[in-house]
Amino acid sequence: MARIGIKICGISDRASLDAAIGAGADHIGLVFFAKSPRNVGIEQAAALAHHAAGRAKIVGLFVDPDGDFLGQIRQSVHLDVIQLHGKESPARVAQVMAAQGLPVWKAIGVRKSADLDAARDYQGVARILFDAKPPEGADLPGGTGLRIDWSLMAGYRHSIPWILAGGLDPRNVGEAIQATGADFVDVSSGVESAPGVKDAARIAAFCEAARAAG
Ligand SMILES: O=C(O)c1ccccc1NCC(=O)[C@H](O)[C@H](O)COP(=O)(O)O
């Protein structure tokens, strides 16, 4: 079996970045969303991306960004992937793909099995990221620690590669991989000691558990 993909999302300091890469994460998420406790400023993000260069791919996470904001970030920060985590329509995602010329990952919130069908509308994206759907009116559309009902995804197959996210942590990621067959996992709050504060030991334990199960 191919090595499992691991993204540690919401990195905002160099020590956590080194911890994630050292533990074997291949993707690092930088959150560009002012309301998030994991939000990074442009200079901070540029320095982190530079520090990660050649060791891990950088995923820039955005929520309904306009073209100006994407352009501003891209001028200063090296991104390998754009993750769209808002209510972006298929047409808007296609526009971003065409304008930015980078692989785009679209996040889809899942609460019931019909939610998985939305993935079909996003042909052309590099990956779909299935995350737990937050309640209406929630402050954040992701990074909430809410979990998908994994039984909805048992044996799930899709022509577009997909990532499992939402409420994963070092103790449950192995079971999540076994239950869903995911070959790529994403975590944020499950490897933190407080909102926005990554914990190196939890990051290492998460990566070890994911690899053991994958
Ligand atoms: O992490 C955030 O603060 C965030 C804010 C706004 C949109 C998305 C956000 N995170 C998205 C991620 O990729 C998370 O890793 C994913 O939702 C899983 O989060 P968690 O349940 O905390 O592991």
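Residues numbered from 1 in each chain as written. Predicted model: local features only at pLDDT ≥ 70, side-chain atom pairs only at ≥ 80, totals over all residues.

- The name that an unreviewed UniProt entry assigns to the protein chain is N-(5'-phosphoribosyl)anthranilate isomerase, with the source organism given as Novosphingobium sediminicola.
- What UniProt states about the protein chain under its Catalytic activity (unreviewed entry) heading is, verbatim, "N-(5-phospho-beta-D-ribosyl)anthranilate = 1-(2-carboxyphenylamino)-1-deoxy-D-ribulose 5-phosphate". (UniProt positions renumbered as here; feature names shortened; annotations may be inferred.)

**Regarding the environment of Phe62**
Here is step 1 of the chain: Relative to the assigned elements, Phe62 resides in strand 3 (residues 57-62).
Here is step 2 of the chain: Measuring from C-alpha to C-alpha, the distance between Phe62 and Ile82 comes to 7.5 Å, with 20 residues separating the pair along the chain.
Here is step 3 of the chain: Residues within four places of Phe62 in sequence aside, it is in contact with Phe32, Phe33, Leu70, Ile82, Gln83, Leu84 and His85. (Helix = DSSP H or I, 4+ residues; strand = E, 2+ residues; numbered from the N terminus. Contact = placed C-beta atoms within 7 Å.)

**Side note on the site of the ligand**
Here is step 1 of the chain: In the vicinity of the ligand lie 26 residues, with Cys9, Ser36, Gly142, Gly143 and Ser189 positioned nearest.
Here is step 2 of the chain: For the shell around the ligand, the elements supplying multiple residues, two or more each, are strand 2 (27-32) and strand 8 (184-187). (Near = placed C-beta within 6 Å.)

**Looking at the packing of helix 1 (residues 14-23) against helix 6 (residues 200-213)**
Here is step 1 of the chain: Two elements in contact, helix 1 and helix 6, have axes separated by 9 Å at closest approach and are oriented at 20 degrees. One way to sum up the angle between helix 1 and helix 6 is to call them roughly parallel. The two elements helix 1 and helix 6 meet at a crossing, and its hand is right-handed. Contacts between helix 1 and helix 6 pair Ala15, Ser16, Ala19, Ala20 and Ala23 from the former with Ala200, Ile203, Ala204 and Cys207 from the latter.
Here is step 2 of the chain: Its residues placed into classes, the contact of helix 1 with helix 6 shows eight nonpolar, one polar and no charged. (Axes fitted to C-alpha atoms, helices over the stretch in contact; angles between N-to-C directions. Parallel < 35°, antiparallel > 145°, perpendicular 65-115°, else oblique. Left-handed = near helix turned anticlockwise from the far one by under 90°. Nonpolar A, V, L, I, M, F, W, Y, C, P; charged D, E, K, R; others polar.)

**Thoughts on the nonpolar core**
Side chains of a nonpolar character, in soluble globular proteins, are inclined to be buried together.
Here is step 1 of the chain: Grouped together as the largest cluster of nonpolar side chains are 63 residues, with contacts concentrated most on Ile8, Ala20, Ile28, Leu30, Phe130 and Val185.
Here is step 2 of the chain: Examining the composition of this core, we find that five residues originate from one element, helix 6, more than from any other.
Here is step 3 of the chain: Excluding residues that lie within four positions of it along the chain, Val185 makes contacts with Ile4, Ile6, Ile163, Leu164, Leu168, Val173, Ile177 and Ala210. (Core = buried A, V, L, I, M, F, W, Y, C linked by C-beta atoms within 7 Å. Buried ≥ 20, exposed ≤ 12 C-beta atoms within 10 Å, placed from the backbone.)

**Points about the pairing of strand 4 (residues 81-84)**
Here is step 1 of the chain: Examined bridge by bridge, strand 3 and strand 4 share four bridges and lie parallel to one another. If you follow Gly60 over to strand 4, its bridge partner there is Ile82.
Here is step 2 of the chain: One crossover worth recording links strand 3 to the parallel strand 4 by way of helix 3 (residues 67-76), and it is right-handed.
Here is step 3 of the chain: Both strand 4 and strand 5 (residues 104-110) contribute to a ladder of three bridges, which runs parallel. Looking at the pairing, Gln83 lines up with Trp105 of strand 5.
Here is step 4 of the chain: Crossover handedness for the path strand 4 to helix 4 (residues 90-100) to strand 5: right-handed. (Pairing = 2+ DSSP bridges. Right-handed = clockwise from strand over helix to strand, strands pointing away.)

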